[in-house]
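Working through the structure, step by step
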Amino acid sequence: MPEDSDKPEDDLRTRLHAMETRLRRMREQRNGHNENSRRAADSRNSVQDQARELRERIKGRMEEQKELRNRAKVHQGKRDEIQSQMRELISQRRGKRGEDGLKPVVIQLSETLGEIDRIENRIMTDGSLTLAKENAMLKRLKTLIAKREELLPIAEEFQIIEIDLGDMEGSIQLLKAEADAQHKSMLEANKEADEIWEEIKPMLEERDFLRAEGDRLHNAFVASREAADKVHSGMKALLDQVNEIRNEIKAQQEERERIIKEHNQSVKDALKTPDEDEQLATSLADQLLEHGSITLGGARKGDESSSQRTSKEKKKPRRLGTTRGNKN
């Protein structure tokens, strides 16, 4: 085979080697990106787990703080109600009414209970009451009982202290002491809530840091995955080219093997003798059966006459006998 026929295949093999080298580098690059993405994902998941645990702790402490704030508000409401009752008693002691013209619930309840007791005692003890007067008192009693039923739930909600309107000064002192106690409880609850908030603030900062770190690691994971996908797409395109070159080299090898095989077969057929050539033997046999003779090769006319002459000379008779010489 000529040397020039191997040159295209050599060029293809050179290109194939370069592409395979590039493909290995790209595979290593893709694997590096995938490894980076796995590390980023593991770190991100770890950070997110820490952030999740921290959020649960913050949530628990926030609920405790909220409960304390609500407790402080309850104490504040009781304090304000007691102070309102106390101001009303002071105003009554001075012969004044409240600023808004309304009496506190405890005053209203105490006055209502007192009036109910007076009416009930009078109905039971006063025998000089007329029927009309008694009916009017019963109607008033019914109204007072309805008002009492309306005020009792409100008084129970604020745990209002029962006061004695007959002892104004003692009731005022009692209300003042209870208002101070509620105010102190409110301050203690708020202080405890503030202490919890001081614990929560660094936890919130850590939560924000973990959230930012988780976002950074997630972005790194996404970037690595995108880079790996991009390299993988390039590998697929390059691999298609590599397969094309391999198929082309394979086709050239098959074509060269076919040519060599046909050349060897033609040489082998040219070197065959008649007894080795089955096709020639079959042809000669058919000719013998058809003509009764077989002519192998040819002869010239000169050769034929010479042959006949030689044959005649061979047929001339030979004289037999001896010739004796005469001595005399």
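Residues numbered from 1 in each chain as written. Predicted model: local features only at pLDDT ≥ 70, side-chain atom pairs only at ≥ 80, totals over all residues. Heavy atoms only, no water.

**Considering the overall build of the protein**
- Counting its regular elements, the protein contains 6 helices and 0 strands.
- Counted from the first residue to the last, the protein has its helices and strands arranged as α-α-α-α-α-α.
- Residues counted as buried form 22% of the 328 residues belonging to the protein.
- A separation of at least 24 residues holds for 78% of the contacts in the protein among residues at least 6 apart in sequence. (Helix = DSSP H or I, 4+ residues; strand = E, 2+ residues; numbered from the N terminus. Buried < 20%, exposed > 50% of the residue type's maximum accessible area, 1.4 Å probe, protein only. Contact = heavy atoms within 4.5 Å.)

**Details of the nonpolar core**
- Counting 12 residues, the largest nonpolar core consists of V47, A51, L54, I58, L68, A193, I196, I200, M203, L204, L210 and L217.
- Going through the elements one at a time, helix 1 (6–93) and helix 4 (168–270) are the ones with two or more residues in this core.
- Ranked by residues supplied to this core, first place goes to helix 4 with 7 residues.
- If you look at the next biggest cluster of nonpolar residues, it comprises 11 residues, including M19, V231, M235 and I249. (Core = buried A, V, L, I, M, F, W, Y, C linked by side-chain atoms within 4.5 Å.)

**Some details on the confidence of the model for the protein**
- Chain-level statistics for the protein give a pLDDT mean of 77 and a share of 71% at 70 or above.
- Mean pLDDT values for the elements of the protein range from 49 in helix 6 (residues 301–315) up to 87 in helix 4.
- Confidence drops under pLDDT 50 across residues 95–99; counting only partners more than four residues distant or on other chains, this segment forms 4 contacts.
- Every residue in residues 297–307 is under pLDDT 50, and counting partners more than four places away or in other chains gives 0 contacts. (pLDDT = per-residue confidence, 0-100.)

**Some thoughts on the packing of aromatic side chains**
- Considering all chains together, one arrives at 0 aromatic pairs under this definition.
- Between R44 and the ring centre of F221, over which it is positioned, the NZ or CZ distance is 4.9 Å. (Phe/Tyr/Trp six-rings, centres within 6.5 Å; stacked < 30°, edge-to-face > 60°. Lys NZ or Arg CZ within 6 Å of the ring centre and 35° of its normal.)

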